[in-house]
Structures are given as structure tokens and as C-alpha cells.
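Structural description and commentary
Each chain, written out:
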Amino acid sequence: MTKIDIISGFLGAGKTTLIKKLLAEAYQGEKLVLIENEFGEISIDGGFLKESGVQISEMSSGCICCSLVGDFNKALKDVAAQFHPDRILIEPSGVGKLSDVIVAVENTAAEAPELELNSFVTVADASKVKVYMKNFGEFYNNQIESAGTIVLSRTQKLSREKLEAAVGMLREKNPEAAILTTPWDDLDGKTILSAIEKVSLADELLAKMRAEHEAEEAEHAHHHHDHDHEGHGEHTHHHGHEEHGEHEHHHDHGHECDDPACSCHHHHHHADEVFTSWGKETPKAFTKAGIEKILAALDSGEYGNILRAKGIVNGEDGTWIEFDYVPEEPEVRAGHPDYTGRLCVIGAELKEEKLSELFGL
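Residues numbered from 1 in each chain as written. Predicted model: local features only at pLDDT ≥ 70, side-chain atom pairs only at ≥ 80, totals over all residues. Heavy atoms only, no water.

**Examining the overall build of the chain**
- The helix and strand inventory of the chain stands at 11 helices and 13 strands.
- Across the 361 residues of the chain, 53% fall into the buried class.
- Restricting the contact set of the chain to residue pairs at least 6 apart, pairs at least 24 apart contribute 75%.
- Summed over its atoms, the accessible surface of the chain is roughly 16,600 Å², and 51% of this surface lies on carbon and sulfur atoms. (Helix = DSSP H or I, 4+ residues; strand = E, 2+ residues; numbered from the N terminus. Buried < 20%, exposed > 50% of the residue type's maximum accessible area, 1.4 Å probe, protein only. Contact = heavy atoms within 4.5 Å. Areas by Shrake-Rupley, 256 points an atom, 1.4 Å probe, with all protein chains shown as cover.)

**Notes on the pairing of strand 13 (residues 341-348)**
- Burial within strand 13 is extensive, with 8 of its 8 residues counted as buried.
- Here strand 13 shows no split at all, with G341, L343, V345 and G347 on one side and R342, C344, I346 and A348 on the other all buried.
- The sheet contact formed by strand 10 (residues 305-315) and strand 13 spans 7 bridges and is antiparallel. When the bridges of strand 13 are listed, I306 appears paired with G347. (Pairing = 2+ DSSP bridges.)

**Things to note about the sheet that holds strand 3 (residues 87-91)**
- Spatial strand order, 2-3-1-4-5-6: 6 strands in an open sheet with parallel pairing. Each of the sheet's edge strands pairs with one partner strand only, and the pair in question is strand 2 (32-36) and strand 6 (178-180). Averaged over neighbouring strand pairs, the angle between their axes works out to 20° when direction is ignored.
- In terms of strand pairing, strand 4 (residues 115-125) meets strand 5 (residues 149-153) through 5 bridges, oriented parallel. The partner of T122 across the bridge, within strand 5, is I150. (Axes fitted to C-alpha atoms, helices over the stretch in contact; angles between N-to-C directions.)

**Brief notes about the environment of S300**
- Topologically, S300 is positioned in the loop between helix 10 (288-298) and strand 10.
- Each C-alpha atom of the pair S300 and E328 lies 9.8 Å from the other, and the pair is 28 residues apart in sequence.
- A distance of 3.1 Å separates a polar atom in the side chain of S300 from the backbone nitrogen of E302. (Polar contact = N/O pair within 3.5 Å; in protein donor to acceptor, adjacent residues only side chain to side chain.)

**Description of unusual backbone geometry**
- In this model, R154 sits at a positive phi of 60°, which is unusual for a non-glycine residue.
- Mapped onto the elements, R154 comes out in the loop between strand 5 and helix 7 (160-173).
- For E349, which is not glycine, the phi dihedral falls at a positive 50°.
- Relative to the elements of secondary structure, E349 occurs in the loop between strand 13 and helix 11 (352-358).
- Residue class for E349 comes out exposed when judged on its relative accessible area of 61%.

**Thoughts on helix 8 (residues 189-196)**
- When we look at burial in helix 8, the residues that qualify are G189, I192, L193, A195 and I196. Buried residues in helix 8, looked at end-on, bunch into an arc of 160°, giving them a common side.
- Tucked inside the fold, the buried residues of helix 8 contact helix 1 (15-25), strand 3, strand 4, strand 5 and strand 6.
- Of the residues that open helix 8, the one with a side-chain oxygen 2.7 Å from the backbone nitrogen of K190 is D188.
- Within two residues after helix 8, K198 carries a phi angle of roughly 65°, on the positive side. (Arc of directions from axis to C-beta.)

**Digging into the packing of helix 4 (residues 98-111) against helix 6 (residues 137-146)**
- Running from amino to carboxyl end, helix 4 crosses helix 6 at an angle of 50°, the nearest separation of the two axes being 7 Å. What the angle tells us is that helix 4 and helix 6 run oblique. Where helix 4 abuts helix 6, its residues L98, S99 and I102 lie against N142, Q143 and S146.
- Class assignment of the residues belonging to the contact of helix 4 with helix 6 gives a composition of 2 nonpolar, 4 polar and no charged. (Parallel < 35°, antiparallel > 145°, perpendicular 65-115°, else oblique. Nonpolar A, V, L, I, M, F, W, Y, C, P; charged D, E, K, R; others polar.)

**Considerations on the confidence of the model for the chain**
- Within the chain, residue pLDDT values average 76, and 75% of them lie at 70 or more.
- In this model residues 38-70 is a low-confidence stretch, pLDDT under 50, and it forms 68 contacts with partners more than four residues away in sequence or in other chains.
- Contacts from residues 225-272, a stretch scored under 50 in pLDDT, to residues over four places away or in other chains number 124 contacts. (pLDDT = per-residue confidence, 0-100.)

Structure, rendered in C-alpha cells:
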């Protein structure tokens, strides 16, 4: 199977720099082909590609974002047949429509089962979002609206307020995409890749809850318990899984236990409850004390019946703050940079608007 990644962006946004970083830090050991559009930025010289162990086929199929979809289709199949790469990176011209490139790749993948459209990314200069939206309207907005992930460049040049304003404008056009707001120099290419390939915080948290639940079940079976209990609200059954981990619904079949050895002083969850997850991404800066206050508030019951919360957010002085919450047991510590601040809350009957207010989002 060959994964196809499209990396789009306006001229000067930094696509070449991003591709170099991913080649050096995220795609090691993969056989790669980079397809460049001849209208692209300064051509990446063959020298650097050979150094990275990348095989390249020079395409001169013109601007694939225009009407040369047929040529592009053939070129893509030829590359796959000739090189059998693990991954094909497509860097379209800076002025085309990303949606056209996506359609062209999907049409080809429909005819060639070994090809799979893996991701479509737009690189955007954070300092130019406002002016580009105004001056390049349709073309620029199409790149933003169509992106699965938006990688912001030059974020270190902006104040926190301006960065939040830029992200707000992008969010209006694209509510779903992961938006990378952390300066690239602070991030490893693998962290960028995990954002591009969409591993959401809710997915991570649910996987952890499932693993804990299975461990509990195994331990209970070992002790010949004939009931299952809800210690800290962690031992829950989840069914169903939506793609982006934003609004999943999970059913729980716990019931109360009478065994005094079980620590059941926390909330009990019944089979008729549905668990959902609420998640946000934000470049907003927090303080450790502020996060501790927010997590304490989650115990009040005012925000829904909360089982878990997890996050990694910007601190006010360039640091990062990581938190994990189980009812009445918050943990806040120093963290490592993530692609942007992100947080997630899982529980029943979540009051999403109130949660947004609580975190100031």
C-alpha cells in the first residue's frame, strides 16, 4: 500500500522547509517519492533528495490543479508501478485549489487499489492569514477549507493575541482540521506527523480507559468477583467510535456493588448513560494555578458527570502544562511541546458550552 500525502500552501508559506523536516525526522526508513508541480517554489534540488535516500521522478504534468487531471492520473500510477514507494508526497503549485488535487488523487486511487489518500495538509504563514483571506479569497480559502490539517509557519513572530486571532479566522473556515500553532523548531517531525495523521486526544484517552478496564476485569476474574464495580469511574465499556474523536458516544454497563472493599464512593454509572467526549485545540496560554482551579471545578457536577480529562496546553512563559484528571484526583505537571494546546473531557451529559466557558475558550 502506498500512502499519498498532499502538502499544499501558498508561495512562501514554507512547504519545502516542512517537507525537509518531515523527511529528516518523521519518514526515516520509508521509500518516498516527491512529486512537485513545476509551478511550485524553488525546485528542491536532487542533491538533498538523494541524501535523504528519496527517489524522485520529475513530473512535468503542468499545474495539476488546473485541468490536467488525466496526465496527473497517469503520472501517479506510473510512479507507483515504477517505484512501489511507501509514501508519495505531492507538493502542488502554490496557486491551485487543494480540493482539485484531492479529487484528482481520489480518482486515481479508485482505479489503483494499491494507492491510498492518507492526508492533505495546508501550510499557512500565520502572519498573513488575514491579508491573504482578503486578497486571494477563493483560492486561499479553498486551501484552508479543504485541509485535514493546517500547519502554521512563522507563529513565533506573532503575539499570543494575534496568533489566537489567526486561528479564530481559520476555524471559521475549517472547524475540524488540526491546526499546528507551535513553532516548528520546538517540535519533532514525528509530533507533526501524528497531528497530520489525526491521532486525537479523545482516542488516546479512550484507549487508555479501555486498557484499564480490561486489566480490572482480568483482576476481578482472578479474585472470583461476581460483580463489576466502578471504582474511580474508570472501568467503563465503550461502544462505537466516530472518526475524529470529537463527539463519540459510549455506553457503559456498570452497576453498583455492595462489597465494602470496593472504593465506590465516586459516581456510579448505569447502563442507560451515554458517554461523550468534548475536545478543543487552542494556542491559549494557561497557568498551573489556573488549570488546578479548572480541574477542581470539574468535581462540582456543574459541567456534567465527568470521568476523565486530559490535556497539554501552553504555559504563559513559553513552558507547557500537562494535566490528567480523574474525579477528585487531578494531576498537573510540566509537559513537552505539542503541535498546539489541546484538551479533552470525557463523561456523561457534558455541558459543552459551560466547559468552553470554564476553560475560557
